[in-house]
Every structure is written in structure tokens, then in C-alpha cells.
Amino acid sequence: MKFIRHSVDVYSSEARQLAYRLLEFMARGAGAEPASLRAVFEGQTQGMRVNYYPPCRQQADRVLGLTAHTDACGLTLLRQKNYDVQGLQVKKDGKWFAVKAREGAFIVNVGDVLEIMSNGKFKSVEHRAVIHPTKQRISVALFQHPCGDMVVGPLPEFMKGDKVRYRSTNYQDYLKQFYTAKLDGRMHLERLKLEQ
Ligand SMILES: O=C(O)CCC(=O)C(=O)O
Ligand SMILES: [Fe+2]
């Protein structure tokens, strides 16, 4: 147990540094101050979820491993152990696309908080996981969360003459409603969108 704890500690603190760098690049790419996004997540909670998808020998195409959802956090770093087993799918223009995992590479997903803070410049990706008829799959997701007390809303840095497109929300309340309702695509995020 001690060894697992150590490995998880090292892994998550290294991955967190990577997430911070990515947030800096993303902010810069969107014309904002590089520190603007990093400052929101630095030193806050990082969640880890390990997903195990056993094989489903019968009618695997009729069973989902994880229902369609968006991640309620800012940024997600995802890795899968058996990278040759296809599982993750993302939705684009109403269609599902398989994401091919690569050995040693992270899959980076934008979550709801980044979509709201960037006033829609970054899109929280709707995704789901399917299962394989004969092979198991294990994935590990690291979620970068802002402070629970934070009021999450579009950052002025990302507005620059644009209209406000999302209602602000207390992050703790958002998480509470996210985890008490069933997963349902982009439903939670769509509720915060303002009519344009
Ligand atoms: O297993 C996967 O590839 C997706 C996992 C996921 O979306 C999640 O844990 O939120
Ligand atoms: Fe997810």
C-alpha cells in the first residue's frame, strides 16, 4: 500500500505540472495572460478516477462503459493502460468518433470550467466509453478543479468585447448538481448558457 501511495503521489504531482503548463499555453493561444488560467487551478484539488471496463462477451455494442458526459472540471489528463483497446469516443457535429490512445501519451480533454471561463472559446468535450467484447480496459483520469468556493464565470481576459455567454455559478453547487443527477451529455453546461 505504501508503494502505491508513493507512486500515485509522484505521478499526480508530475501530471499536475504538465496540466499547469498546458493551461499556460492554452491561455496564451487564446490571447490571454498565460498565468490567468494557471492561477485558477494551481494548488487546488486534483481528482483521480480509475476506470475499469471488463470485457462484455455478449452484445458489447449494446452496452456502454461510461454514459455520455462532459467533465465538470477545468482540464482532464487521461491515460489508458492497454492502449491497443479502443474505448473512448468523443462527439463532434452530432457524431461519435473513436479516440485512438497512444502508448505513453496523455489524452487531454477540456472540461466545463474551461468552457465557461473562456466564454466558449474552449469547448468542453462530450465523451463516453464503449467496451470491448473480449478485452478489458483500464483508464486513469486526472481532473484539475478550481477552488470549491470559486464563482465560475467568463474571465474578462477571454471576453475582449464579446458578450457574456454563460451564467456564473458557485463551483461547489455546480459539482453537487453534476453528481446528483445522472450523466447526460452536455446537459449541465447547457443550462448555464445564456440566450444570444
Ligand atoms: O475511460 C475513458 O477513456 C474515459 C473516462 C472518463 O471520461 C472519465 O473518467 O471521466
Ligand atoms: Fe470523462
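Quantities reported herein were computed from a predicted structural model and do not represent experimental measurements. Residue positions are given per chain, counting from 1 as you read along its sequence in written order. Written order determines the labels here, with chains lettered from A and ligands numbered from 1. Only residues with pLDDT of at least 70 get local features here, since the model is predicted, and only at 80 or more are side-chain atom pairs given and counted; chain-wide, interface and lining totals rely on the full set of residues. The side-chain quantities take in all heavy atoms of the structure and omit both hydrogens and water.

A. Main features of empty space enclosed by the protein. Of the grid points, spaced at 1 Å and generated over the protein atoms alone, those admitting a 1.4 Å probe that cannot get out make up cavities, while open sets with protein on both sides within 12 Å along at least five of seven lines make up pockets; any residue with an atom within 4 Å of a point is treated as lining. Grid points are joined across faces, edges and corners, and a volume is the space filled by probe spheres set on the points. Inspection of the entire model under this criterion finds 1 cavity of 30 Å³ or more. Its volume calculated, the largest cavity comes out at about 130 Å³. Forming the walls of the largest cavity are 17 residues, and the residues nearest its centre are N51, Y53, L66, L78 and H127. Here a helix means four or more residues in a row that DSSP labels H or I, a strand means two or more in a row labelled E, and each is numbered from the N terminus. Among the secondary structure elements, those contributing two or more residues to the lining of the largest cavity are β1 (46-53), β2 (64-69), β3 (75-80), β7 (127-130) and β8 (137-144). Take the lining of the largest cavity: its biggest share by element is 4 residues, from β8. When residues are grouped by polarity, Ala, Val, Leu, Ile, Met, Phe, Trp, Tyr, Cys and Pro land in nonpolar, Asp, Glu, Lys and Arg in charged, and all others, Gly among them, in polar. Of the residues in the lining of the largest cavity, the class split is 7 nonpolar, 6 polar and 4 charged.

B. Fine view of the UniProt feature "domain: Fe2OG dioxygenase" (unreviewed entry) in the protein. The positions UniProt marks with the feature "domain: Fe2OG dioxygenase" (unreviewed entry) are residues 44-146. Between the end C-alpha atoms of residues 44-146 there is a gap of 6 Å, over a span that is 6% helix and 44% strand. UniProt positions are given in the numbering used here, feature names are shortened, and annotations may be inferred rather than shown by experiment.

C. Fine view of the site of ligand 1. Working definition: residue near molecule or strand if any one of its non-hydrogen atoms lies within 4 Å of it. What surrounds ligand 1 is a group of 13 residues, the closest being R49, Y53, H127, R137 and S139. Definition of a polar contact: a pair of N or O atoms within 3.5 Å, with one able to donate and the other able to accept a hydrogen when the atoms are protein atoms, and with sequence-neighbouring residues admitted only if both atoms are side-chain atoms. R137 places a side-chain nitrogen or oxygen 2.6 Å from an oxygen atom of ligand 1. With the chains in place, 99% of the 300 Å² that ligand 1 exposes on its own is no longer accessible. To qualify as sitting in a cavity or pocket, a molecule needs more than half of its atoms within 2 Å of the grid points. More than half of the atoms of ligand 1 fall within 2 Å of the grid points belonging to the largest cavity. The Shrake-Rupley method, run with a 1.4 Å probe sphere, supplies the accessible areas, and residue values consider only the shown protein chains as cover.

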